[in-house]
Amino acid sequence: PPITVRALAEKLNQKAFKIIADLMDLGVFANVNQTMDPDCARAICAKYGYRFELEKRERHAQVPAAPPRKKAELDPTDRPEDLRPRPPVVTVMGHVDHGKTTLLDAIRKSNVAAKEVGGITQHIGAYTISFPHPERKGELAQITFLDTPGHAAFSAMRARGANVTDIVVLVVAADDGVMPQTIEALNHARAAGVPIIVAINKMDHPAANPLKVRQQLQEQGLIPDDWGGDTIFVELSALTKKGVDKLLEMILLQADLLELKANPNRPAVGNIIESGISPGGPTVTALVRKGTLRVGDALLCGPYYGKVRALINEDGERLKEAGPSVAVKVLGLNGVPEPGSEFTVVEDERKAREIAEQRQEALRTRAAETRAKVTLENLFQVLDAQQAKVLKVVVKADTQGSVEAIVDALKKIDSEKVKLEIIHSAVGTITESDILLASASNAVVIGFHTRVDTGAQELAKREGVQIKLYSIIYELIDQVREAMAGLLEPIT
Ligand code: GDP
């Protein structure tokens, strides 16, 4: 039988608030009387060392904030027959100046539903376009775009457990080709397991060379579909808008393959895309993942709650409701939740308030604790609690030569116990983007003859991401090899 938060807390001899906080780390919001699934219970037991015959574990031996984050997708209350197709949610990524913003603007203008009169579009972090479906006559197709382009925002959301993007559009300028941030974006999308559509932009440019872009991306493992691979490539110009409709068509095609569905007839669940404070109080942009959000709903979001006073779209229009994959500005919360936070609609405001207060208390209890992430030293304790034994690393080094040498050497390490996966490698300093990627994927960052950006150092501390710096290559390799053999002594 499922175990309640209260019962588990008693068994583990912990305060219930502590367990609630642990569940929040796992992306699950519960109150003391609610039950949890066995995966969560197992992860929490492991955290307190109860998986291994009641042996108390040290802090560094804690389980990281690992998956069951897909929770919402597995919600047992949604019966298959209640699911309806929902629009895809798309993030645009790519190297700086390759045309992400121009493309997002061009797409926004292809929205047939947009009112021309007096329509001052506001930036709310996402917008949904509607247009005649290219294949299904008489039907409107819809796509939601997150309009904070770039992989940093994407991974920041993911680091907080919000995998809201269904499809990534990777923009590459045809005159410039694949650049460092193109590869970075690619690796962020890959680490998230999100399918990629390549938009070769600036086809109007005299120096456009789409063939070269295809070759360069093929080297990165993105094989164009017209070359026998399975990545869709679209050539376009965001400036002249030629090819933009083709891109939209391809997004719909990819979405069909993904069979995106949600139950619209249930209380809404989703994530916060942006949050801030306006003269009228806190405002957030909520992206509904499933269910329908309505004016008057009792909303619960992290430690905050409130009654939905107004729903406003990016054209400034007031809506009565917003269904799956739709983003709306919401007024009525009593605080400003972090972007990425999950929101849910509950029975009534009293209930929302009660749970929000429990969470506030849980957060206070927790303030001093940081989340345990993988480090080279605690690798085995952490991995023990997980199914797949994979050490993920991000490699940064001073020159392309050393990057290649390190990647080669790391790939040669033989370990029966753990698989090594290099989720990103590049020349340069260790940036905030590296930390966000590592945090979202629970990876360790390895630097060789390089330094850590000021902001990145701070962020790594907050996110609990380990950074290991080396100046001697064999030391680096030896340490990783030892970590993978479970030989490193935990740091106390
Ligand atoms: P972002 O940094 O990726 O958001 O790139 P922007 O959208 O700001 O575009 C950078 C520059 O490229 C701007 O000067 C744009 O006008 C230009 N640009 C964007 N798309 C195109 C295009 O399709 N063709 C040409 N020729 N220039 C473009």
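Remember, it's a predicted structure, so these values are computed and weren't measured experimentally.

(A) Spatial organisation of the overall build of the protein. Counting its regular elements, the protein contains 14 helices and 23 strands. A buried classification covers 53% of the 492 residues belonging to the protein. Considering only intrachain contacts with a sequence separation of at least 6, the fraction spanning at least 24 residues in the protein is 72%. Approximately 22,800 Å² of the protein is accessible, and the part contributed by carbon and sulfur atoms is 51%.

(B) Quick look at the nonpolar core. Counting 29 residues, the largest nonpolar core has Leu103, Ile107, Ile143, Phe145, Val169, Leu247 and Ile251 as the members making the most contacts within it. Residue assignment for this core shows that the elements contributing at least two residues are β4 (89-94), α4 (100-109), β5 (126-132), β6 (140-146), β7 (167-173), β8 (196-201), β9 (232-235) and α8 (244-258). Ignoring sequence-local partners within four residues, the contact set of Ile143 consists of Pro87, Pro88, Val90, Tyr127, Thr128, Ile129, Phe131, Leu248, Ile251 and Leu252. Val374, Leu376, Val403 and Val418 belong to the second-largest nonpolar core, a separate cluster that totals 23 residues.

(C) Highlighting the environment of Cys301. Along the chain, the position of Cys301 falls in strand β14 (residues 298-301). With 217 residues separating them in the primary sequence, Cys301 and Arg84 have C-alpha atoms 25 Å apart. Excluding residues that lie within four positions of it along the chain, Cys301 makes contacts with Ile272, Leu333, Pro337, Ser341, Glu342, Phe343 and Arg359.

(D) The site of the ligand, seen in detail. Surrounding the ligand, one finds 14 residues, the nearest of these being Asp97, Lys100, Thr101, Thr102 and Asp204. One nitrogen or oxygen atom from the main chain of Asp97 is found 2.7 Å from an oxygen atom belonging to the ligand. Here an oxygen atom of the ligand sits 3.0 Å away from a polar atom, N or O, in the main chain of Ala238. In isolation the ligand offers 580 Å² of accessible surface; the protein chains occlude 73% of this area. Ranked by the residues each element gives to the shell around the ligand, the list is headed by α4, at 3 residues. Looking at side-chain class alone, the shell around the ligand contains 3 nonpolar, 7 polar and 4 charged residues.

(E) Structural context of helix α13 (residues 454-463). Restricting attention to buried positions, one finds in α13 the residues Ala456, Leu459, Ala460 and Glu463. For α13, the angular spread of the buried residues around the axis is 105 degrees, confining them to a single face. In α13, the exposed positions that point more than 90 degrees away from the buried face belong to Thr454, Lys461 and Arg462. On its buried side, α13 packs onto α5 (151-159), α12 (432-441) and β23 (467-470).

(F) Examining the sheet that holds strand β22 (residues 444-448) more closely. Strand order in the open sheet formed by 4 strands is β21-β20-β22-β23, and the pairing between neighbours is parallel. Looking at the sheet topology across the chains shown, the edges are occupied by β21 (419-427) and β23. Each neighbouring strand pair of the sheet contributes to a mean axis angle of 25 degrees, computed without reference to strand direction. For strand β20 (residues 390-397) and β22, the ladder comprises 5 bridges, and the chain directions are parallel.

(G) Expanded view of the pairing of β4. Burial analysis of β4 places 6 of its 6 residues in the buried class, the great majority of the element. For β4 and β6, the ladder comprises 3 bridges, and the chain directions are parallel. Looking at β6, one finds that Thr91 is bridged to Leu146. Bridge count for β4 against β7 is 5 bridges, and the pairing is parallel. Following the sheet pairing, Gly94 is matched in β7 by Val171.

(H) Highlighting the pairing of strand β18 (residues 327-333). The buried fraction of β18 amounts to 6 of the 7 residues, a majority that puts the element mostly inside the structure. With 5 bridges connecting them, strand β12 (residues 281-290) and β18 associate as antiparallel partners. Its bridge partner being in β18, Leu287 is matched across the sheet by Ala327. Looking at chain direction, strand β15 (residues 304-312) and β18 are connected through 4 bridges and run antiparallel.

(I) Structural context of the pattern of salt bridges. Evaluated as defined, the whole model comprises 16 salt bridges. In this structure, Lys261 engages Glu259 in a salt bridge whose closest nitrogen and oxygen atoms are separated by 3.9 Å. Each member of the salt-bridge network shares a partner with another, and the members are Arg79, Glu81 and Asp82.

(J) How the structure looks around the confidence of the model for the protein. Model confidence for the protein is summarised by a mean pLDDT of 84, while 87% of its residues fall at 70 or above. Model confidence for the protein, summarised as mean pLDDT per element, is weakest for helix α10 (residues 379-384) at 65 and strongest for β8 at 98. This model gives residues 52-74 a pLDDT under 50, and the stretch forms 54 contacts once residues within four places in sequence are excluded. For this predicted complex, the interface score ipTM comes out at 0.99, alongside a pTM of 0.73.

(K) Region of interest: a nonpolar patch on the surface. Taken together, the side chains of Ile472, Ile473 and Tyr474 define a hydrophobic patch exposed on the protein surface, amounting to about 270 Å² of accessible area. Locating Ile472 in the fold gives a position in the loop between β23 and α14 (473-484). According to the relative accessible area criterion, Ile472 is partly exposed, its value standing at 32%.

(L) Structural detail: the packing of helix α1 (residues 5-12) against helix α2 (residues 16-25). Running from N to C, α1 and α2 cross one another at 115 degrees; their axes reach a closest spacing of 8 Å. Compared by their axis directions, α1 and α2 come out roughly perpendicular. Relative to α2, the crossing made by α1 is right-handed. Here α1 contributes Val5, Leu8, Ala9 and Leu12 to the contact with α2, which in turn contributes Ala16, Ile19, Ile20 and Leu23. In terms of residue class, the contact of α1 with α2 is built from 8 nonpolar, no polar and no charged.

(M) Geometry of the side chain of Asn187. Locating Asn187 in the fold gives a position in helix α6 (residues 180-191). Relative accessible area serves as the criterion here: at 11%, Asn187 is assigned to the buried category. Only 2.7 Å separates the side chain of Asn187 from the side chain of His424, close enough to count as a polar contact. Apart from residues lying up to four places away in sequence, Asn187 is in contact with Ile423, His424, Ser425 and Leu437.

Rules used throughout
Residues numbered from 1 in each chain as written. Predicted model: local features only at pLDDT ≥ 70, side-chain atom pairs only at ≥ 80, totals over all residues. Heavy atoms only, no water. Helix = DSSP H or I, 4+ residues; strand = E, 2+ residues; numbered from the N terminus. Buried < 20%, exposed > 50% of the residue type's maximum accessible area, 1.4 Å probe, protein only. Contact = heavy atoms within 4.5 Å. Areas by Shrake-Rupley, 256 points an atom, 1.4 Å probe, with all protein chains shown as cover. Core = buried A, V, L, I, M, F, W, Y, C linked by side-chain atoms within 4.5 Å. Near = heavy atom within 4 Å. Polar contact = N/O pair within 3.5 Å; in protein donor to acceptor, adjacent residues only side chain to side chain. Nonpolar A, V, L, I, M, F, W, Y, C, P; charged D, E, K, R; others polar. Arc of directions from axis to C-beta. Pairing = 2+ DSSP bridges. Axes fitted to C-alpha atoms, helices over the stretch in contact; angles between N-to-C directions. Salt bridge = Lys/Arg side-chain N within 4 Å of Asp/Glu carboxyl O. pLDDT = per-residue confidence, 0-100. Patch = residues over 30% accessible without salt bridge, like charges linked within 9 Å, V, L, I, M, F, W, Y side chains within 5 Å. Parallel < 35°, antiparallel > 145°, perpendicular 65-115°, else oblique. Left-handed = near helix turned anticlockwise from the far one by under 90°.

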